[in-house]
Amino acid sequence: MKILFVSDTYYPHINGVYYFVCRVGPLLQEKGHQIKVIAPSNTRSAFIRSIDNLEVHGLPSFPVFLYTNIRIPVLLGIKRRIRKIINDFKPDIIHIQDHFLISKAVVELNREFKLPIIATNHFMPENITVLVKGKFWKKKLEAFLWKGFSRVFNQVDLVTTPTLTGVNIIRPHIRSDIKTIALSSGVDLQRFHPSIEMETVRKKYGIPDKPALLYVGRLDPEKRIEEIFAAIQLAGEKMDLCFIIVGKGTQSEELKTLASTIGIADKVIFTGFVPDEELPVFYNIGRCFIIASIAELLSLVTLQAMASGMPVIAANAAALTELVDGNGYLYEVGNIPALVQSIENILSDESLYLQMRNRSLELIQKHDIQYVVNAFEKLYVESVENKPMAHI
């Protein structure tokens, strides 16, 4: 089968959409399918390039101010370029990852091709509206974003999203006759697992041999790292600990300044972006994963932590509520004392830690990437069989 993935974000913009395509695509190729990807290029010129063993057709684009890795495609000639890719590749099915400009153009063009289209939603308005001041303007922007979402997703054959939380969020914005299902983005259990050698990485990043909390991901406003800092400040008065932050973002320098200002700079380690091969090691160095974000449709990093046998402390918000079930604690956003108590419990009670660790390893099995790939393959086959295609 020929499968065309379409995404408005891709490498070098590292996010959940990119990780989904770059992991599922190669595994589908191993099963004998042909895969191509349409995404923005990282320049104003088009390219055809192999990225993660996938053939990526990059459309000319320009960077978003302050977010240079996020690209907006050049609209002039976009449909002509996409039409040529579809005509040359002759896909059996198209799988879009969002409702933005490239995916919108693909859906509009599909009125000619009449190919089956599956759409996966990774989007929550909060990822964008968090940057807007004032409730009035937030609501206006949110309504605008959902209108664009509905315009695209109401023209596809099937919608998936990583969690039941995601289904409940998007269901009111999609026609009732379009099937919407929850299907995890998955995690590679062969890559993320307990008992990985870690002394080399410890030395490289100067990580002390003491109980460590871990966060992996972007350092942006919706991730609410400052809330974790407040808990570290209080918990650090009672126990010796450190907080490892793996990642970078718009708040990197601001958070470093804040750590110094509130007196926890000696307890916080900023690694910045780490090489892909080192990432699994950090999940073994940390004793507990912590995430305060209020805008997660799944949280791949939380899945990676669970696969590595880590207990999880998470905000009681969005899809994080589906990932914590006996393997950690949920705390109400803003409740710093509860967050502190959760940290103290896991870091000080060995038997509780082991119980939660084992529960994480049990829960993660249903998110195995091999299961996810097989499930999507089945959806592709069913979609093609149910929708006779026009000749391309």
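Presented here is an overview of the structure given in this document. Just so it is clear, the structure is predicted and the values come from calculations on it, not from any experiment. (Residues numbered from 1 in each chain as written. Predicted model: local features only at pLDDT ≥ 70, side-chain atom pairs only at ≥ 80, totals over all residues. Heavy atoms only, no water.)

1. As for unusual backbone geometry
Here is step 1: Along the chain, Tyr11 connects to Pro12 via a cis peptide bond; the corresponding omega equals 15 degrees.
Here is step 2: Along the chain, the position of Pro12 falls in the loop between β1 (2–6) and α1 (16–30).
Here is step 3: The backbone phi angle of Arg224 is positive, close to 55 degrees, even though this residue is not glycine.
Here is step 4: Tracing the sequence through the fold places Arg224 in the loop between β11 (212–216) and α8 (225–235).
Here is step 5: The backbone of Ala318 sits at a positive phi, close to 50 degrees, despite the residue not being glycine. (Helix = DSSP H or I, 4+ residues; strand = E, 2+ residues; numbered from the N terminus.)

2. Thoughts on the packing of aromatic side chains
Here is step 1: Scanning the entire structure with this criterion turns up 16 aromatic pairs.
Here is step 2: Three or more aromatic residues joined by ring pairs form one cluster here, namely Phe100, Phe123, Trp146, Phe149 and Phe153.
Here is step 3: Note that Arg49 overlies the ring of Phe47, its terminal NZ or CZ placed 3.9 Å from the centroid.
Here is step 4: One cation-aromatic arrangement involves Arg287 over Tyr353; the distance from NZ or CZ to the ring centre is 3.9 Å. (Phe/Tyr/Trp six-rings, centres within 6.5 Å; stacked < 30°, edge-to-face > 60°. Lys NZ or Arg CZ within 6 Å of the ring centre and 35° of its normal.)

3. A look at helix α2 (residues 78–89)
Here is step 1: The terminal C-alpha atoms of α2, which comprises twelve residues, lie 17 Å apart, in line with the 16 Å expected from a rise of 1.5 Å per residue.
Here is step 2: Inspection of α2 places Ile78, Ile82, Ile85, Ile86 and Phe89 among the buried residues, and these make up the whole buried set. Viewed end-on, α2 has its buried residues packed into an arc of 95 degrees, placing them on one side of the element. Exposed residues lying more than 90 degrees from the buried face of α2 are Arg80, Lys84 and Asp88.
Here is step 3: Lys90 sits one or two residues past α2 and shows a positive phi near 55 degrees. (Expected span 1.5 Å × (residues − 1). Buried < 20%, exposed > 50% of the residue type's maximum accessible area, 1.4 Å probe, protein only. Arc of directions from axis to C-beta.)

4. Section: the nonpolar core
Here is step 1: Membership of the largest hydrophobic core comes to 69 residues, with the highest contact counts inside it found for Phe243, Tyr283 and Ile343.
Here is step 2: Residues Val106, Leu109, Phe149 and Ile178 belong to the second largest nonpolar core, which totals 31 residues. (Core = buried A, V, L, I, M, F, W, Y, C linked by side-chain atoms within 4.5 Å.)

5. Description of the pairing of strand β4 (residues 54–59)
Here is step 1: Counted residue by residue, β4 has five buried out of six residues, so it is predominantly covered.
Here is step 2: Pairing analysis gives five bridges linking strand β3 (residues 47–51) to β4, with the strands arranged antiparallel. Within the sheet, the bridge partner assigned to Ser50 lies in β4 and is Glu55.
Here is step 3: With antiparallel pairing between neighbouring strands as the criterion, β3 and β4 make up a hairpin whose turn holds two residues, including Asp52 at a positive phi of roughly 55 degrees. (Pairing = 2+ DSSP bridges.)

6. Focus on helix α9 (residues 252–261)
Here is step 1: Turning to α9, its buried residues are Ser252, Leu255 and Ala259. The buried residues of α9 occupy one face: seen down the axis, they fall within an arc of 65 degrees. α9 presents Glu253, Glu254, Ser260 and Thr261 as exposed residues on the side facing more than 90 degrees away from its buried surface.
Here is step 2: Gly263 lies just past α9 and shows a positive phi near 80 degrees.

7. Topic: the pattern of salt bridges
Here is step 1: For the coordinates displayed, the defined rule picks out 21 salt bridges.
Here is step 2: A salt bridge links Glu199 to Arg202, with the shortest nitrogen-to-oxygen separation between them at 3.7 Å. One end of the pair is Glu199 and the other is Arg202, both in helix α7 (residues 199–205) and three residues apart, which spans about a single turn.
Here is step 3: Using a relative accessible area of 10% as the deciding quantity, one classes Arg202 as buried.
Here is step 4: Several salt bridges converge on common partners, so that one network encompasses Lys79, Lys104 and Glu108. (Salt bridge = Lys/Arg side-chain N within 4 Å of Asp/Glu carboxyl O.)

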